[in-house]
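Observations on chain architecture
Here is what each chain is made of, one letter per residue.
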Amino acid sequence: MAILNLTTDSFSGDGLASAGMESILARAESAIAAGAGILDVGAESTRPGAQPVSEQQEIARIVPVVSQLARLGVPVSVDTMKPAVMTAAIDAGAAMINDVNGFRAPGAVDAVTGRSVGLCVMHMQGVPRTMQQAPSYRSVVEEVAEFLSDRVRALTCSGVAPGRICIDPGFGFGKSLEHNLALLRHLRVFAELGHPVLVGLSRKSMLGAITGRDVGGRVYASVAAALMAVERGARIVRVHDVAATREALAVWDAAAEHA
Ligand code: HH2
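Residues numbered from 1 in each chain as written. Predicted model: local features only at pLDDT ≥ 70, side-chain atom pairs only at ≥ 80, totals over all residues. Heavy atoms only, no water.

**Concerning the environment of Gly107**
Note that Gly107 resides in the loop between β4 (96-99) and α4 (108-112). Among the residues examined, Gly107 registers a relative accessible area of 35% and is labelled partly exposed. Each C-alpha atom, one on Gly107 and one on Val239, is 29 Å from the other, the two residues being 132 residues apart in sequence. (Helix = DSSP H or I, 4+ residues; strand = E, 2+ residues; numbered from the N terminus. Buried < 20%, exposed > 50% of the residue type's maximum accessible area, 1.4 Å probe, protein only.)

**Structural notes on the site of the ligand**
Around the ligand there are 18 residues in total, and Ser10, Ser45, Thr46, Asp168 and Lys204 lie nearest to it. In this structure, an oxygen atom belonging to the ligand sits 2.7 Å away from a side-chain N or O atom of Ser45. A distance of 2.8 Å is found between a nitrogen atom of the ligand and a side-chain nitrogen or oxygen belonging to Asn98. Here the residues of the shell around the ligand sort into six nonpolar, seven polar and five charged. (Near = heavy atom within 4 Å. Polar contact = N/O pair within 3.5 Å; in protein donor to acceptor, adjacent residues only side chain to side chain. Nonpolar A, V, L, I, M, F, W, Y, C, P; charged D, E, K, R; others polar.)

**Quick look at the pairing of strand β6 (residues 165-168)**
Side chains of β6 alternate between two faces, with Ile165 and Ile167 and Cys166 and Asp168 buried alike. Bridging between strand β5 (residues 118-122) and β6 involves four bridges; their strand directions are parallel. Looking across to β6, one finds that Leu119 is bridged to Ile165. Taken together, β5, helix α5 (residues 140-157) and β6 constitute a β-α-β crossover, and its handedness is right-handed. (Pairing = 2+ DSSP bridges. Right-handed = clockwise from strand over helix to strand, strands pointing away.)

**As for the nonpolar core**
The biggest cluster of nonpolar side chains holds 68 residues, and the ones touching the most others in it are Leu69, Ile97, Phe103, Leu155, Phe190 and Val199. Here this core gets eight residues from one element, more than from any other, and that element is α5. Not counting chain neighbours up to four residues away, the residues in contact with Leu69 comprise Leu4, Leu25, Ala28, Leu39, Val41 and Val76. Counting seven residues, the second-largest nonpolar core is a separate cluster that includes Met1, Ile38, Leu198 and Ile236. (Core = buried A, V, L, I, M, F, W, Y, C linked by side-chain atoms within 4.5 Å. Contact = heavy atoms within 4.5 Å.)

**Details of the side chain of Asn5**
Looking at the secondary structure, you find Asn5 in strand β1 (residues 2-5). Setting aside chain neighbours within four positions, we find Asn5 in contact with Ser10, Ser12, Asp14, Gly15, Leu16, Ala17, Gly42 and Arg238.

**A short note on the side chain of Lys175**
As for its position among the elements, Lys175 is in the loop between β6 and α6 (177-185). No salt bridge is formed by the buried Lys175, whose closest oppositely charged neighbour, Asp168, lies at an N-O distance of 7.1 Å. Among the polar contacts listed, one links the side chain of Lys175 to the side chain of His123, at a separation of 2.8 Å. When residues no more than four places from it in sequence are discounted, the contact partners of Lys175 are His123, Met124, Gln132, Pro135, Tyr137, Val144, Pro169, Gly170, Asn180 and Leu183. (Lys, Arg positive; Asp, Glu negative; His and termini not counted. Salt bridge = Lys/Arg side-chain N within 4 Å of Asp/Glu carboxyl O.)

Below, the structure written as structure tokens:
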């Protein structure tokens, strides 16, 4: 899953908010050429301290881009927490809704029930602005697994087919370095919950904390983290660096026990 941020302030510094449609399409096409199987488009940064984006602004940024990208032949996912944006994105051709808030906003479950799109349910403790101030858990793996199971239940009770749902422990969303490492170490627990696991580790600050690298220098660390996640059962990796991740996965895949 290739990340396309239509933001001004994404932590990775790759936001395309002021880019024209041509550069956005060029970025998408090069991600597809490098092997991306899904494009994930977001218009609001979830970086701690990021500027909130209004519903109207988010729709205005997302809808024209999704309509264009939907013609490129790979599923387009939209990264949003807002029910009105979900509806507008699906109407514009989105094949998947990726909600870092786990479809908890009032109306979010209703917005996706009865629509034939894939869903990603992510765990986040707190809200983006303050989530990294003092994250705390009695047992991070258990609590995140419980949360994801509860949110999957809320969706399926509302009529969403279980096969439409994937789950994501939410690396960096209300988690310390130790919490993130515990989640990566025990990722199998999530893979055993019965839904495909999606992970977003690409260029995140936990990798900076380990390597001492700033965002632009975290490609090797990101590839290592993606490989570890796939080895532990992740089915979708959300990345900035598609070619590097694809090549590493090709080597892993060629020698993996399932091959
Ligand atoms: N991480 C980010 C955004 N959306 N979605 C899922 N499912 N999982 C993630 O780990 C995840 C996500 C944050 O990364 P990015 O979009 O690159 O940055 P920003 O939120 O600053 O735009």
